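Summary of the model geometry
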Amino acid sequence: MTASSLRVIVTGFIGHQRLLGGVAWDYLNVVLGLKRLGHDVYYIEDSGCWPYNDVDGPSGGDWTDWNPQPTVEHLSKVMSAFGLDHKWAYQFPPKSEWFGLSSKERKEIIETADLLINVSGTLEKPWDYRTIKKLVYIDTDPVFCQIGAETGTDSKIMRQRLDTHDVFFTLGECLSSNHDIPNLDHKWNTTKYPIVLDQWRDDSVTGNGFTTIMNWSSYDSLTYRNERYGQKDAEFMKFMELPQKVFPTPLEVALYKPRVKSSRDFAVSTPVDLLESSGWKIVDASEVCPDFYTYRRYIHQSKAEWSVAKGGYVVGRSGWFSCRSACYLAAGRPVVVQDTGFSKVLPVGEGVIGFGTFDEAEAGIREVEANYQRHAKAAQDIAEA
């Protein structure tokens, strides 16, 4: 460490969500970015979330994976790939067992840390880390975070976790302009998701298709003040016939198929047959991008992205912009994505094209196809800016 560097702890879900390739990047970009800035960075996963048994659970067996090894091996592989071999710790909830850093090392790091960045609120008991000088909360799920902490099923514990922090950031850059969304008596500073550019630059030949990687539905919708804040499924249905309109441009979706039923991961049947009959190419995300490496490769092999957003982001006019879409931009791939209000805080029209209606979505795809090199360069420029 230099005299000006900080000792920083970053939290996340890399282990718990090991079956979702993009999740690793949600937290890696933060860790690697801070490391590049010269800080002494550690990754600690203490979410309290029990790992899923994706093999026997779906067949009627125990949904809990009582074996920590798959999770630990995944975490070790990810950290080792980026020179973070001795910079991580993972708490295995079923047995309250820790892996990675020794108990002595972990204790010393927590006692001497200057800053803890709780990304996505993944820390189960932030008060256990209250000895750290500053606790920062980064909300990556705007609208759902605020409404959930105000009136959700787990609102009391969510509010308690939030209130333990000192400083608050949100990806909802336009959240303050929607007075229907509660601020929970906190000042929400705005931020964009960090992307480590040189991890994404790619000069290879692009594919032919517009792609995206998504969950059909992550959890239940919320109703607040008679307004419904839904998931991606409801938004996607509005654009079901799009492939037929933009043919022969292929539209491909890498879908994560729901495996579990819980309050955090609400299982919904994905209408694959309906999607395919409407002209969508559907691939299994667990096969084409199961880890951080293949997730990045999948984006590199795409021509551009087309995607909807969660209904809650759209209805709440949050200004949220996907970290996945930011990775497409960093790879020089234009994005045509549903506007959540981000057109107020991002340059749009070249590289990033927002849409609200079916006709706008169709026009956006046609515009990128007609002027691809210009949009690809703009995508890279926006990422760098």
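Cut-offs applied
Residues numbered from 1 in each chain as written. Predicted model: local features only at pLDDT ≥ 70, side-chain atom pairs only at ≥ 80, totals over all residues. Heavy atoms only, no water. Helix = DSSP H or I, 4+ residues; strand = E, 2+ residues; numbered from the N terminus. Rg over C-alpha atoms; globule rule 2.2 N^0.38 Å. Buried < 20%, exposed > 50% of the residue type's maximum accessible area, 1.4 Å probe, protein only. Contact = heavy atoms within 4.5 Å. Areas by Shrake-Rupley, 256 points an atom, 1.4 Å probe, with all protein chains shown as cover. Lys, Arg positive; Asp, Glu negative; His and termini not counted. Charge placed at Lys NZ, Arg CZ, Asp CG, Glu CD. Core = buried A, V, L, I, M, F, W, Y, C linked by side-chain atoms within 4.5 Å. 1 Å grid on protein atoms, 1.4 Å probe; cavity = no way out; pocket = protein on both sides within 12 Å on 5 of 7 lines; lining within 4 Å. Points joined across faces, edges and corners; volume = space filled by probe spheres on them. Nonpolar A, V, L, I, M, F, W, Y, C, P; charged D, E, K, R; others polar. Disulfide = S-S within 2.5 Å. Salt bridge = Lys/Arg side-chain N within 4 Å of Asp/Glu carboxyl O. pLDDT = per-residue confidence, 0-100. Pairing = 2+ DSSP bridges. Phe/Tyr/Trp six-rings, centres within 6.5 Å; stacked < 30°, edge-to-face > 60°. Lys NZ or Arg CZ within 6 Å of the ring centre and 35° of its normal.

1. A short note on the overall build of the protein chain
- Regarding its fold elements, the protein chain presents 14 helices and 16 strands.
- Its C-alpha radius of gyration of 20 Å places the protein chain within 12% of the 21 Å reference for a compact globule of 385 residues.
- Across its three principal directions, the C-alpha atoms of the protein chain cover 60 × 45 × 45 Å.
- Of all 385 residues assigned to the protein chain, the portion counted as buried reaches 57%.
- Of all intrachain contacts in the protein chain linking residues separated by at least 6 positions in sequence, the fraction that spans at least 24 positions is 73%.
- About 16,900 Å² of surface is accessible on the protein chain, with carbon and sulfur atoms providing 49% of the total.
- Taking the average location of the 41 positive side-chain charges in the protein chain and that of its 51 negative ones, the two points are 3 Å from each other.

2. Some words on the nonpolar core
- Within the largest apolar cluster, 75 residues are counted, with the highest numbers of intra-cluster contacts made by I213 and F321.
- The element that contributes the greatest number of residues to this core is helix 1 (residues 21-36), accounting for nine residues.
- Once residues lying within four places of it in the same chain are set aside, the contact partners of I213 are A254, Y256, C289, Y295, Y298, I299, R324 and Y328.
- Of all hydrophobic cores here, the second largest spans 25 residues; its members include W216, I353, A361 and I365.

3. Notes on empty space enclosed by the protein
- With the rule as written, the count across this model stands at one cavity of 30 Å³ or more.
- Its boundaries defined by the atoms lining it, the largest cavity holds a volume of some 60 Å³.
- As for the largest cavity, its lining consists of S307, V308, A309, W320, F321, S322, R324, S325, V337, Q338, T340 and F342.
- Of all the elements in the fold, those that place two or more residues in the lining of the largest cavity are helix 12 (323-330) and strand 15 (335-338).
- The class makeup of the residues in the lining of the largest cavity is six nonpolar, five polar and one charged.

4. Description of the state of the cysteines
- Per the counting criterion, the structure on display carries zero disulfides.
- C174 carries a free sulfur, and the closest cysteine sulfur to it, the one in C145, is 17 Å from it.

5. Focus on the pattern of salt bridges
- Overall, the coordinates contain 23 salt bridges when judged by the stated rule.
- Here R7 makes a salt bridge to D40, at a shortest N to O gap of 2.9 Å. With a gap of 33 residues between them, R7 in strand 1 (residues 7-11) and D40 in strand 2 (residues 40-45) connect regions that are remote in the sequence.
- In this structure, R324 engages E305 in a salt bridge whose closest nitrogen and oxygen atoms are separated by 2.4 Å.

6. A look at the side chain of S155
- By the element assignment, S155 lies in helix 5 (residues 155-163).
- Every residue in contact with S155, bar those within four places of it in the chain, is listed here: G148, A149 and E150.

7. Some details on the confidence of the model for the protein chain
- For the protein chain, the average pLDDT comes to 92, and 94% of its residues sit at 70 or higher.
- Here residues 259-268 is modelled with pLDDT under 50, and outside its nearest four sequence neighbours on either side it reaches 28 contacts, counting other chains as well.

8. Quick notes on the pairing of strand 4 (residues 97-100)
- In the sheet, strand 3 (residues 88-92) pairs with strand 4 via four bridges, with the strands oriented antiparallel. Across the sheet, F92 pairs through a bridge with E97, a residue of strand 4.
- Between strand 3 and strand 4, which pair antiparallel and follow one another directly, the connecting turn spans four residues, one of which, S96, has a positive phi of 50°.

9. Things to note about the packing of aromatic side chains
- Within the structure shown, the criterion is met by 19 aromatic pairs.
- Seen from their ring centres, W306 and F355 are 5.5 Å apart, and the 5° between their planes marks the pair as stacked. Taken together, the residues span a long stretch of sequence, with W306 in strand 14 (residues 304-307) and F355 in strand 16 (residues 352-355) at a distance of 49 residues. Summarising the burial analysis for this pair, W306 and F355 share the class buried.
- Residues F321 and F342 carry aromatic rings whose centres are separated by 5.3 Å and whose planes lie at 80° to one another, so their mutual orientation is edge-to-face. Here F342 lies in the loop between strand 15 and strand 16 and F321 lies in the loop between helix 11 (311-315) and helix 12, a separation of 21 residues in the sequence.
- Note on F321: relative accessible area 14%, which makes it buried.
- Owing to a relative accessible area of 1%, F342 belongs among the buried residues under this scheme.
- A connected cluster of aromatic rings, assembled from ring pairs, spans W216, F236, F239, W280, W306, F355 and F358.
- The ring of W98 has R106 lying over it, and the distance from NZ or CZ to the ring centre is 3.9 Å.
- In this structure, K303 packs its charged tip against the face of Y372, placed 5.2 Å from the ring centre.

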